[in-house]
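# A structural walkthrough
Spelled out, the chains give:
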Amino acid sequence: MRKVVSTDNPPDAEASIAFRRLHYGKLADAVTGVVPPSEGYRVTRRTMDLDPELEGRLSPARLIGRRRFELDVVAPPARGLGCFVARMASADAMAMLRARFRPEDGENGGARLHHQSSVWVAAAEDWRRFPAACLSIAARQLRADPDPVDEAETTRLAEAPTRWRFRWITPDQAGSVLARASWGRAILEHFTTALESNDDAPLTFGSSDFASENDFLAAVGFALLYLPASYPRWDEISVVCGLEHPLPGVCLRYVSNVATDAALSAAA
């Protein structure tokens, strides 16, 4: 597969992506991380122009494909940081989710767990043009941490979109990386195989394939950047980390405790 290089962004050009945010969970003390006894579940942060219709599709349960978001859907090694999902949320928007359960008495506490999630939303066009940047930014910055209880609600619920600037990587540059890596061939061949039917097409990697979630997300970012814009199942692609189950469609998944390199050896 080869992607046509867009003249809109020549090599070494700087580009940017705007993300709208939606946080759900409980507020906590900014220093101790403790949730005050009076705090209940609610939307704790929202970008001012987030589409209300889209917002209904951004719950963790909807994005992970389950009736409810519960602790046992997150693989044990991922429960500290939380699970990660990147997928289309509507025809013109993609969502990246980080969700977890944390103790109400702080990160190292032993109190009751509560759900905390953060969702970033980007334009579908930006996801298709800059998937490596989207996943790289999320790997470094997207966290399911409580918002501070002492921050004004008027600020938290009416913030401006967050804009990230980055150096644009060309599909040819991505292709050079893919050609040198065993996982490059495995992922691209998986995309090709997924075209043979409309069936679900999951591909799972573990720590024997990638040393960390960040390495996996970087690899998938390069593969998606190289993928042709005309790929028929683009909108069915999801990128998942730390979930016990793959998502429908064409799903690339990383679970660190999968103790096999079958995904790479099968493509060798």
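No experiment lies behind these values; they were computed from the predicted model shown.

Each value, and the rule that gives it
- Residues numbered from 1 in each chain as written.
- Predicted model: local features only at pLDDT ≥ 70, side-chain atom pairs only at ≥ 80, totals over all residues.
- Heavy atoms only, no water.
- Helix = DSSP H or I, 4+ residues; strand = E, 2+ residues; numbered from the N terminus.
- Rg over C-alpha atoms; globule rule 2.2 N^0.38 Å.
- Contact = heavy atoms within 4.5 Å.
- Areas by Shrake-Rupley, 256 points an atom, 1.4 Å probe, with all protein chains shown as cover.
- Lys, Arg positive; Asp, Glu negative; His and termini not counted.
- Charge placed at Lys NZ, Arg CZ, Asp CG, Glu CD.
- Axes fitted to C-alpha atoms, helices over the stretch in contact; angles between N-to-C directions.
- Parallel < 35°, antiparallel > 145°, perpendicular 65-115°, else oblique.
- Nonpolar A, V, L, I, M, F, W, Y, C, P; charged D, E, K, R; others polar.
- Polar contact = N/O pair within 3.5 Å; in protein donor to acceptor, adjacent residues only side chain to side chain.
- Phe/Tyr/Trp six-rings, centres within 6.5 Å; stacked < 30°, edge-to-face > 60°.
- Buried < 20%, exposed > 50% of the residue type's maximum accessible area, 1.4 Å probe, protein only.
- Lys NZ or Arg CZ within 6 Å of the ring centre and 35° of its normal.
- Salt bridge = Lys/Arg side-chain N within 4 Å of Asp/Glu carboxyl O.
- pLDDT = per-residue confidence, 0-100.
- Pairing = 2+ DSSP bridges.
- Expected span 1.5 Å × (residues − 1).

Looking only at helices and strands, one finds nine helices and nine strands in the protein. In terms of C-alpha radius of gyration, the protein reaches 19 Å, essentially the compact-globule figure of 18 Å for 268 residues. Oriented by its inertia axes, the alpha-carbon framework of the protein measures out at about 55 × 40 × 30 Å. For the protein, the proportion of contacts with a sequence separation of at least 24, taken over those separated by at least 6, is 72%. Working note: accessible area of the protein is about 12,300 Å², and carbon and sulfur atoms make up 50% of it. When the 31 basic and 35 acidic side-chain charges of the protein are each reduced to a single mean position, those positions are 1 Å apart.

Contact geometry of helix H6 (residues 171–180) with helix H7 (residues 182–194) gives a least axis separation of 4 Å together with a crossing angle of 105 degrees. One finds that H6 runs roughly perpendicular with respect to H7. On the side of H6, the interface is formed by Val177, Leu178 and Arg180, while H7 contributes Ser182, Trp183, Gly184, Arg185 and Leu188. When the residues that make up the contact of H6 with H7 are grouped by side-chain class, the tally is four nonpolar, two polar and two charged.

If you trace the backbone, Arg156 turns up in helix H5 (residues 153–156). A distance of 2.7 Å separates the side chain of Arg156 from the backbone oxygen of Thr44, its partner in a polar contact. In contact with Arg156, other than residues within four places in its own chain, are Leu27, Arg42, Thr44, Arg45, Arg46, Asp147, Pro148 and Glu151.

Turning our attention to the packing of aromatic side chains. All told, the structure shown has 13 aromatic pairs when counted by the stated rule. Measuring from ring centre to ring centre gives 5.3 Å for Phe19 and Trp120, while their planes differ by 40 degrees; the resulting arrangement is tilted. Of this pair, Phe19 sits in strand E1 (residues 14–25) while Trp120 sits in strand E5 (residues 113–123), and the two are 101 residues apart along the sequence. The class for Phe19 is buried, based on a relative accessible area of 0%. Overall, Trp120 belongs to the buried group, its relative accessible area being 6%. An aromatic cluster is defined as three or more aromatic residues linked by ring pairs; in this entry it consists of Trp183, Phe205, Phe210, Phe216 and Tyr254. For the cation-ring pair, Lys26 lies above Tyr41, with the distance from its terminal atom to the ring centre recorded as 4.8 Å.

Looking now at the pattern of salt bridges. Here the structure, examined in full by the defined rule, presents 22 salt bridges. With a shortest N-O distance of 2.8 Å, Glu159 and Arg21 are connected by a salt bridge. You can see Glu159 sitting in the loop between H5 and strand E6 (162–167) and its partner Arg21 sitting in strand E1, a full 138 residues away along the chain. Relative accessible area serves as the criterion here: at 11%, Glu159 is assigned to the buried category. Between Glu104 and Arg112 there is a salt bridge, and its shortest N-O distance comes to 3.2 Å. A relative accessible area of 14% places Glu104 in the buried class.

Turning our attention to the confidence of the model for the protein. Mean pLDDT for the protein: 91, with 92% of residues reaching 70 or above. Within the model, the stretch residues 2–7 combines pLDDT values under 50 with 15 contacts to residues more than four positions away or in other chains.

Let us now look at the pairing of E1. Counting buried positions along E1 yields nine of 12 residues, so the element is predominantly enclosed. The pairing of E1 with E5 spans five bridges and is classified as antiparallel. Within E5, the position partnered with Arg20 by the bridge is Val121. Summarising the sheet, E1 and strand E2 (residues 42–46) pair through four bridges and their orientation is antiparallel. If you follow His23 over to E2, its bridge partner there is Arg45.

Further remarks concern helix H8 (residues 213–226). With 14 residues, H8 should cover 20 Å at 1.5 Å per step; its first-to-last C-alpha distance of 20 Å lies within 8% of that length. When you tally the buried positions in H8, you get 10 out of 14 residues, the bulk of the element. Where H8 is concerned, the buried positions are Glu213, Phe216, Leu217, Ala219, Val220, Gly221, Ala223, Leu224, Leu225 and Tyr226.

When you line up the elements, Glu125 lands in helix H3 (residues 124–129). When the C-alpha atoms of Glu125 and Ala91 are compared, they prove to be 10.0 Å apart, with 34 residues separating the residues in sequence.

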